[in-house]
Amino acid sequence: MSTTQDGNLESKFEKMPVGLMRSLDQIGATTRFELLRNIKNMIISLFVAGFIFVLSLIINIITESRLGESPETATDYITSYLGMIGFFILIIATMFGGNMIALDYDKQTGNLLFPKITKGRLFVGRLIARYLLSALAVIFYYILVVIAAAIKYTNLPVETWASLGWALLYTFAVLSLVIFFSSFMKKTSTVIVVSLVMVLLVFNLGSTILVISGVEIEPLFILTYYSSIITQSFAMPTERFVEGFLGGPHPGGDAPTVMQWITPSVEGAIIGMLIYSVILLVGAYFLFRRRQQK
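Residues numbered from 1 in each chain as written. Predicted model: local features only at pLDDT ≥ 70, side-chain atom pairs only at ≥ 80, totals over all residues. Heavy atoms only, no water.

So, on to the side chain of Lys119. As for its placement among the helices and strands, Lys119 is situated in helix α8 (residues 119-152). Given a relative accessible area of 16%, Lys119 falls into the buried group. A distance of 3.1 Å separates the side chain of Lys119 from the backbone oxygen of Phe288, its partner in a polar contact. (Helix = DSSP H or I, 4+ residues; strand = E, 2+ residues; numbered from the N terminus. Buried < 20%, exposed > 50% of the residue type's maximum accessible area, 1.4 Å probe, protein only. Polar contact = N/O pair within 3.5 Å; in protein donor to acceptor, adjacent residues only side chain to side chain.)

The structure is reproduced here in structure tokens:
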């Protein structure tokens, strides 16, 4: 944030009325300012969405040319574009959430803002703006997928919009995780690295450990588990878990049993992601309030 931009935001706060309207106006001013401030990142996020879509389109074209046929249903075609949706959401969340709080302490811009606006109002305004921008990128990706599907198929599954809803809820949960790290880490780059490691490595390893250990506990405490409902919502399985054998059946006896959950239930996904988000955001807010500017 440049000194001129900080001065403009500061001058807006000085003209606010007192009381509740002042709080709402400050949150609204912060939201508008953050939207304008992140226009460049918004454009980049749309390019990322387009890039991933083009890669998926190329893969589909090559696959269809080698098989000599297209997917039988529009559902199969649409879900073929959603294989990387979890990774795409992670990229978007780190892009908009990584510097939400850490930037003030890295660039020392908090000295200009904190005397003019409470950290709570600043937190809410920034959260609203950055989620809106993240949601816009996800919606844009779905629009591209729907357009591609509409060209090939006459009837599109209504479950596409349910899938979009799950993707937006999952985006909010992942963004909350990134914001939590941003609330106590010093540099944006550190927040991004830790967020990527946490989601791509720690959560996935945790899921693998649960599978090979043979426990039947549903991994509702693992954030990445919720991403599966984005694609599974097109046709929710009757049995949400599968039982198999570790390494395949052994000669002369069965291999150890492994248990893998396919997707959370509708209720479990809603409640789980909301609880995850609330805990992370409340934690981020309190850490942000207690954090001191150098």
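Having seen it, we continue.
The next point concerns the environment of Ser277. With respect to the helices and strands, Ser277 occurs in helix α12 (residues 266-290). According to the relative accessible area criterion, Ser277 is buried, its value standing at 1%. Residue contacts for Ser277: discarding those within four places in its chain leaves Phe172, Ala173 and Ser176. (Contact = heavy atoms within 4.5 Å.)

What follows covers the layout of surface pockets. Here the largest pocket is characterised by a volume of approximately 500 Å³. In terms of lining residues, the largest pocket is bounded by 25 residues, among which Asn204, Ser207, Thr224, Tyr225 and Ser227 are the most central. When contributions to the lining of the largest pocket are tallied by element, the ones reaching two or more residues are α5 (85-97), α10 (188-213) and β2 (257-261). Per-element accounting of the lining of the largest pocket gives the leading share, 6 residues, to α10. A class-by-class count of the residues in the lining of the largest pocket yields 16 nonpolar, 9 polar and no charged. (1 Å grid on protein atoms, 1.4 Å probe; cavity = no way out; pocket = protein on both sides within 12 Å on 5 of 7 lines; lining within 4 Å. Points joined across faces, edges and corners; volume = space filled by probe spheres on them. Nonpolar A, V, L, I, M, F, W, Y, C, P; charged D, E, K, R; others polar.)

Let us now look at the environment of Ile179. With respect to the helices and strands, the residue Ile179 is situated in helix α9 (residues 159-182). Non-local contacts of Ile179, meaning those with residues more than four positions away in its chain, are made with Gly97, Met100, Ile101, Phe123, Leu127, Leu281 and Ala284.

Let's shift gears to α9. In this model α9 runs 34 Å from its N-terminal to its C-terminal C-alpha over 24 residues, within 8% of the 34 Å that 1.5 Å per residue would give. In terms of burial, α9 is a largely internal element, 18 of the 24 residues being buried. (Expected span 1.5 Å × (residues − 1).)

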